[in-house]
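Report on the structure
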Amino acid sequence: MAMPERTAVAATPISSDADTHQPFIPASDSPPELTALPLVIGALLGIVFGASSLYLVLKVGLTVSASIPVAVLSITIFRAFSKAFGVRRATILENNIVQTAGSAGESIAFGVGVTMPALLILGYNLELTRVILVSVLGGLLGILMMIPLRRALIVKEAKTLIYPEGTACAEVLIVGEKGGTTAKTVFAGFFAGGLFKFLYSGFHLWKEVAEREFGKWFDGGALSVEVAPELMGVGYIIGTRISFIMCAGGVLSSLVLIPAIKLFGSGLDHPIYPATTLIRDMSIGDIWHNYVLYIGAGAVAAGGIISLVQSLPTIVRGAMEGIKSLSGGVGAGTTLRTDRDLPLSVVLLGSLGLVAVIWIAPTLNMNILGALLIVAFGFLFVIVSSRLTGEIGSSSNPISGMTVATLLLTSLIFLALGWVSAPYKLTALSVAAIVCIAASNGGTTSQDLKTGYLIGATPRHQQVAILVGALTSALVIGSVLLYLNDSATIFHHVDYPAFTADASQLGETEHLRGPDAARDSGEYRVLRLDAPVGNIAKGKYLVDGNGKLAYLEDPGINGTLDTRDNGLKVQKFKAPKAMLMSFIIDGIMSQKLPWGLVLLGAFIAIVLEMSGISALPFAVGVYLPLSSSSPILVGGLIRFLVEKTSPRKVSDAEAETGPGVLVSSGLIAGGAIAGTVIAFLAFSEKITNSMDLTKAVGWIADSDAVALGLFVALGVFLFAVGRGFLLKTTES
């Protein structure tokens, strides 16, 4: 991929030999580094990219690295400050502080989005204090445990552990120091993605999902595309092969499984568990929610476990080599600026403090065994994550597999001890969440430290920066998660006069939340039905003072309803990885799953692996609607066209920092941030109604052709930037 951001000025060669290593900034120089403004800007960018990453992981279960776009933005922001106010430009080390602090948000968002929504799927509430506490503990634990590993992994194994994203980010910073990098492509993608998203999702000028059902001749079959700029950007970044595999899973669910269920089930005169209505009376969405969802979840679970098994030799080897290399890995007594870490006393006291908080915090309901499991799994998987990130990069790092392993082992231990009640499910999920966030942030920290090693940064300053970035992002991401869920939560009025709830079954008191709160301010008791009762579906209900069911609470994350009682449409978040976590907990500790459907999905994943195809991305595609995986395919196709028509072959480093990847990062951030803002605005029905221009544009708002045409135009823009036809830059 061509890189118009880079100029003819060549970067100083980057050495990876620990013995002869000469960083870009010599250890004898001490330019400004850990100053206030870079730290603040890095923390703010971390919050922005963390919020967009959370939106993305809830939507399709994926995130992309934020380090390179944050570095590019930092260079351009400080360059603009210099021109506008006549102050000095930021040093390369200050720009590195910005990307170090800013990268923490994405890794924490991934860990939170993969695990915490499982609470909703299991029927519990998302408590802000729990989410924030888990985010802070996991983020800080991952960073602290990486500090003593720096010399072992980053310095001693500089030739064997490449850290692809960290090396590419160092190249961007070095080129930027010589005047050859601007954020024009990132900003262009950000504003294009944000504007595009606002016009169709906020103002409803055209359809959000273009879809076509085949009708009676192929009952149940349908094609659909969500015209989402952030998903197109994801497809471009993850590449052609993975995007094709994901979409293939969507084709299986939408054009094979759903039509097959409709074909063979339409003649039945009784419902098939777990549904409570006849298949012939179901819509395509009903079939997906009642059957394909469980098949997809089984495929994701099997794919995650297969991925873990495949990674076990590397994980075991990485753990053994990482622990063995700890001897002499702290570098005590060194005087070189580029070799100064935070002291071990900070690591030890900080880790002990975190363990104490984990144990005594009432929100976590954690016993001593849970706290010890977190320490053991956390230490192991931070080592593994950091090492694997160095070998294969962040994108291929099996964090989900490590989380699955943690949750499986924790749930099995709890089952053996007879700890299967609701509080222990929350404890098991909290263990997995903290370990997941720690492993994710440990890998990100190691990439940042590799970047610092190559450019000549001070390790302790980077460690402080990422601690600040992790803490600020963790405090905000929990609120974003709750707002995103509440904005799409539906309280559907129900009426079952013959049913009266037993007072002993009722739980906590609740109010209506989100946009529906304006129509009813009353207090209700919560009733959770784990299985259907007569014609009453399982779920979470609000019960009035007479014991009658008043509302079905359908969460915004993984909910089944898409229309409010007032007729407003709602876009739900599918959260595929969180569904996997809930299935593991429920399957082991409650043993209340439709195992026939789950095993169908599991064997689909096994067949894929036997055929030499990676099961996990395919399984995620099976779980997600085709409308979500098809725009990812479009992004992958555009990258294929860019690479095939490029006049020269580019290196991996150029490919990962090229204009197509940078503008795609902008599309992701712009589309996801716009989606988050729109979700917040949904709390006001007045604002939502005033923004709705559906009637003003008439037939255009319902036209599939218009929506697809505009999406194609956005794709042409991405292709033109990727090929270097647009947004060319020159040396400044």
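All of these numbers come straight from a predicted model, not from anything done at the bench. (Residues numbered from 1 in each chain as written. Predicted model: local features only at pLDDT ≥ 70, side-chain atom pairs only at ≥ 80, totals over all residues. Heavy atoms only, no water.)

**Regarding the pattern of salt bridges**
Within this structure, the stated rule accounts for 22 salt bridges. Between Arg 513 and Asp 486 there is a salt bridge, and its shortest N-O distance comes to 3.1 Å. On the criterion of sequence distance, the pair formed by Arg 513 in the loop between strand 4 (509-510) and strand 5 (524-529) and Asp 486 in helix 16 (residues 459-488) is long-range, its members being 27 residues apart. By relative accessible area, Asp 486 is classed as buried at 14%. Here Asp 516 ties to Arg 519 by a salt bridge, and the two come within 3.6 Å at their closest N and O atoms. Look at the salt bridges and you will find they share partners, linking Asp 486, Glu 510, Arg 513, Lys 540 and Glu 553 into a network. (Salt bridge = Lys/Arg side-chain N within 4 Å of Asp/Glu carboxyl O. Helix = DSSP H or I, 4+ residues; strand = E, 2+ residues; numbered from the N terminus. Buried < 20%, exposed > 50% of the residue type's maximum accessible area, 1.4 Å probe, protein only.)

**Notes on a nonpolar patch on the surface**
Together, Trp 595, Leu 599, Phe 603, Ile 606 and Met 610 line one region of the surface with nonpolar side chains, adding up to about 540 Å² of accessible area. Summarising the element assignment, Leu 599 is placed in helix 18 (residues 595-610). (Patch = residues over 30% accessible without salt bridge, like charges linked within 9 Å, V, L, I, M, F, W, Y side chains within 5 Å. Areas by Shrake-Rupley, 256 points an atom, 1.4 Å probe, with all protein chains shown as cover.)

**Some words on empty space enclosed by the protein**
Counted according to the given criterion, the structure contains three cavities of 30 Å³ or more. Together, Phe 49, Ser 52, Ser 53, Leu 56, Thr 63, Val 64, Ser 65, Ala 66, Pro 69, Ser 665, Ile 668 and Ala 669 line the largest cavity. Among the elements of the structure, helix 1 (36-60) and helix 22 (659-681) are those that each provide at least two residues to the lining of the largest cavity. Per-class residue counts for the lining of the largest cavity are seven nonpolar, five polar and no charged. (1 Å grid on protein atoms, 1.4 Å probe; cavity = no way out; pocket = protein on both sides within 12 Å on 5 of 7 lines; lining within 4 Å. Points joined across faces, edges and corners; volume = space filled by probe spheres on them. Nonpolar A, V, L, I, M, F, W, Y, C, P; charged D, E, K, R; others polar.)

**Regarding the confidence of the model for the protein**
This prediction gives the protein a mean pLDDT of 84; 90% of its residues lie at or above 70. Confidence scores differ between elements of the protein, with helix 21 (residues 652-657) showing the lowest mean pLDDT of 64 and helix 25 (residues 704-722) the highest of 95. Contacts from residues 1-18, a stretch scored under 50 in pLDDT, to residues over four places away or in other chains number 63 contacts. Below pLDDT 50 for its whole length, residues 328-333 participates in nine contacts with residues either more than four positions away or in separate chains. (pLDDT = per-residue confidence, 0-100. Contact = heavy atoms within 4.5 Å.)

**What to know about unusual backbone geometry**
For His 204, which is not glycine, the phi torsion reads 60° and is therefore positive. Residue placement: His 204 occurs in the loop between helix 8 (184-202) and strand 1 (209-213). The class of His 204 is partly exposed, set by a relative accessible area of 29%.

**Some points on the packing of helix 5 (residues 128-146) against helix 15 (residues 422-455)**
The contact between helix 5 and helix 15 brings their axes to 7 Å, and the two run at 45°. One finds that helix 5 runs oblique with respect to helix 15. Helix 15 is crossed by helix 5, and the crossing has right-handed handedness. Taken together, the residues of helix 15 that come into contact with helix 5 (itself represented by Arg 130, Val 134, Ser 135, Leu 137, Gly 138, Gly 139, Leu 141, Gly 142, Ile 143 and Met 146) are Leu 426, Ser 430, Ala 433, Ile 434, Ile 437, Ala 438, Asn 441, Gly 442, Thr 445, Ser 446 and Leu 449. (Axes fitted to C-alpha atoms, helices over the stretch in contact; angles between N-to-C directions. Parallel < 35°, antiparallel > 145°, perpendicular 65-115°, else oblique. Left-handed = near helix turned anticlockwise from the far one by under 90°.)

**Describing the packing of aromatic side chains**
One pass over the full model with this rule turns up 19 aromatic pairs. Ring geometry for Phe 78 and Phe 81: centres 6.0 Å apart, planes at 85°, overall edge-to-face. One end of the pair is Phe 78 and the other is Phe 81, both in helix 2 (residues 67-85) and three residues apart, which spans about a single turn. Among the residues examined, Phe 81 registers a relative accessible area of 29% and is labelled partly exposed. Joined through ring pairs, the aromatic side chains of Phe 78, Phe 81 and Phe 85 make up one cluster. (Phe/Tyr/Trp six-rings, centres within 6.5 Å; stacked < 30°, edge-to-face > 60°.)

**Thoughts on the nonpolar core**
Core analysis: the biggest nonpolar cluster contains 188 residues, and Leu 54, Val 112, Met 116 and Leu 481 have the highest contact counts within it. The element contributing the most residues to this core is helix 15, with 16 residues. Among residues more than four places away in sequence, those in contact with Leu 54 are Ala 109, Val 112, Gly 113, Ile 477, Val 480, Leu 481 and Leu 484. In this structure, Phe 499, Val 543, Leu 549 and Leu 552 belong to the second largest nonpolar core, which totals eleven residues. (Core = buried A, V, L, I, M, F, W, Y, C linked by side-chain atoms within 4.5 Å.)

**A word on the sheet that holds strand 5**
In spatial order, the strands read 3-7-6-5-4; together these five strands make up an open sheet with antiparallel pairing. Strands at the two margins of the open sheet, each flanked by one partner only, are strand 3 (490-493) and strand 4. Bridge count between strand 3 and strand 7 (residues 549-554): four bridges; the pairing is antiparallel. Bridge pairing in strand 7 places Phe 491 opposite Glu 553. (Pairing = 2+ DSSP bridges.)

**Topic: the packing of helix 5 against helix 16**
To describe two helices that pack against each other, one gives the angle between their axes and the distance between the axes. Running from N to C, helix 5 and helix 16 cross one another at 160°; their axes reach a closest spacing of 8 Å. Between helix 5 and helix 16, the angle falls in the class roughly antiparallel. For the crossing formed where helix 5 meets helix 16, the hand is right-handed. Together, Leu 128, Val 131, Ile 132, Ser 135, Val 136, Leu 140 and Ile 143 of helix 5 and Gln 463, Ile 466, Leu 467, Ala 470, Leu 471, Ala 474, Leu 475, Gly 478, Ser 479, Leu 481 and Leu 482 of helix 16 make up the contact between the two elements.

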